[in-house]
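Residue-level listing of the chains:
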Amino acid sequence: MKLLITGGAGFIGSAVIRHIITNTKDKVVNLDKLTYAGNLESLSEVSDSGRYAFEKVDICNRAEVDRVLAQHQPGAIMHLAAESHVDRSIDGPAAFIETNIVGTYTLLEAARHYWQGLHEQRRTNFRFHHISTDEVYGDLGELPSPLGGEGPGERGGDQELPLFTEQTPYAPSSPYSASKASSDHLARAWQRTYGLPVLITNCSNNYGPYHFPEKLIPLVILNALENKPLPVYGKGDQIRDWLYVEDHARALYKVVTEGKPGETYNIGGHNEKQNIEVVQTICDILQELRPRQNSYRELITHVQDRPGHDMRYAIDARKIQRELSWSPNETFETGIRKTIEWYLENLDWCKRVQDGRYQRDRLGVTA
Ligand code: NAD
């Protein structure tokens, strides 16, 4: 099969391409505009493959998207291209409306016309996989304290806590999540109205190698190594459900190859952590790997909370586990250690993506 992957130079898209080229015989066309978040270096280990091609194209450019589809004749589209940083969406929502909503609409229309022109067997087998976020579901609210329990839905001790299921109503809070929610609605409507074989996945927070250093985990690792403040929004008690990016990439490939058109699958790591716990864990692992005279924890700096900040996200991933036999390989403890080790070995990559392209003009971080 040949897959067209939009946003393949980004954090998750590049992990998907590395996974497919390394572990399957499939071909990949990477369609990416190369915004500040796109980086072809993230693909250097697979880009020499004869099964990989790159097209520098904006998904909002219908003529160019049509050309790429006609030229490469993919059997499936995995749509990851997006503006993805919540803080940037608060500072300047226009790009989020343009890429996430108008761009998804443009891609859906191009895909529909391409799909309608395919011969019978190829039309039946075609898939449009729209990749989205758990942030579309909004806020699960505060946890009863004290925290307790270990696994999903158990953190309140005996009390079963709510999780996002595929039936949870949409209630996005930020310009980013509202734009992603809009794009999910469009994708679902193109399936329902036109019969385009659409699959949707909503995933929790990812972390791992090649994560752009504006996001919480890489920012904290890099700031700590430079003895800079480790900014934490408010008390740092916001809870996210962390998933190692390579586990997400495996899940996405399973969905596009084995999932049922018209279905939505939630993907999560069963790793609910408060932001402050994440930052403290990074400090403690760094202390072991790169000892510092005083604990890295002394660098933690609480900054004013983000407006509209959601308190808790947590995914019920039982459907994808049950129907597609997917489950994460990494726990947060194993994944975060691998991630820190990767950043320590790839500080040059971090410098290159930061130089000239990333203005550290605010202390805000996202999770
Ligand atoms: P990212 O910001 O790292 O990468 C986005 C990629 O899209 C970049 O390579 C960028 O150049 C490209 N792009 C942006 N606008 C484009 C356009 N108009 N045309 C073509 N390419 C364009 O994002 P990510 O973290 O890899 O996220 C990928 C997808 O997964 C997004 O749709 C995001 O909403 C979703 N998602 C992300 C997370 C997460 O934790 N990062 C969690 C759940 C879902």
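This text follows the structure it describes.
Residues numbered from 1 in each chain as written. Predicted model: local features only at pLDDT ≥ 70, side-chain atom pairs only at ≥ 80, totals over all residues. Heavy atoms only, no water.

Thoughts on the packing of helix α1 (residues 11-23) against helix α8 (residues 245-258)
At a closest axis distance of 9 Å, the pairing of α1 and α8 adopts a crossing angle of 65°. By the angle between their directions, the pair α1 and α8 is classed as roughly perpendicular. In terms of crossing hand, the pair formed by α1 and α8 is right-handed. When α1 is examined against α8, the residues Phe-11, Ile-12, Ala-15, Val-16, His-19 and Ile-20 are found in contact with a partner set consisting of Val-245, His-248, Ala-249, Arg-250, Leu-252 and Tyr-253. (Axes fitted to C-alpha atoms, helices over the stretch in contact; angles between N-to-C directions. Helix = DSSP H or I, 4+ residues; strand = E, 2+ residues; numbered from the N terminus. Parallel < 35°, antiparallel > 145°, perpendicular 65-115°, else oblique. Left-handed = near helix turned anticlockwise from the far one by under 90°. Contact = heavy atoms within 4.5 Å.)

Comments concerning the environment of Glu-298
Within the secondary structure, Glu-298 is located in the loop between α9 (275-289) and β13 (300-303). What makes Glu-298 partly exposed here is its relative accessible area of 48%. Of note is the side chain of Glu-298, whose polar atom sits 3.1 Å from the side chain of Arg-292. (Buried < 20%, exposed > 50% of the residue type's maximum accessible area, 1.4 Å probe, protein only. Polar contact = N/O pair within 3.5 Å; in protein donor to acceptor, adjacent residues only side chain to side chain.)

Considering the nonpolar core
Leu-3, Ile-5, Ile-17, Ile-20, Met-78, Ile-267 and Ile-320 are the most contacted members of the largest nonpolar core, which totals 41 residues. Broken down by secondary-structure element, the contributors of at least two residues to this core are β1 (2-6), α1, β4 (76-79), β6 (198-203), α8, β11 (264-267) and α10 (318-324). Element by element, the count of residues in this core is highest for α8, at seven residues. Membership of the second largest hydrophobic core comes to 33 residues, among which are Val-232, Leu-286, Ile-300 and Trp-342. (Core = buried A, V, L, I, M, F, W, Y, C linked by side-chain atoms within 4.5 Å.)

Remarks on empty space enclosed by the protein
Scanning the entire structure with this criterion turns up three cavities of 30 Å³ or more. Computed from the structure, the largest cavity encloses a volume of approximately 870 Å³. Taken together, 49 residues line the largest cavity, and the ones lying closest to its centre are Ile-12, Leu-80, Ala-82, Ser-84 and Lys-215. Of all the elements in the fold, those that place two or more residues in the lining of the largest cavity are α1, β2 (27-32), β5 (127-133), α6 (175-194), α7 (216-225) and α12 (347-354). A breakdown of the residues in the lining of the largest cavity according to their chemical character gives 23 nonpolar, 17 polar and nine charged. (1 Å grid on protein atoms, 1.4 Å probe; cavity = no way out; pocket = protein on both sides within 12 Å on 5 of 7 lines; lining within 4 Å. Points joined across faces, edges and corners; volume = space filled by probe spheres on them. Nonpolar A, V, L, I, M, F, W, Y, C, P; charged D, E, K, R; others polar.)

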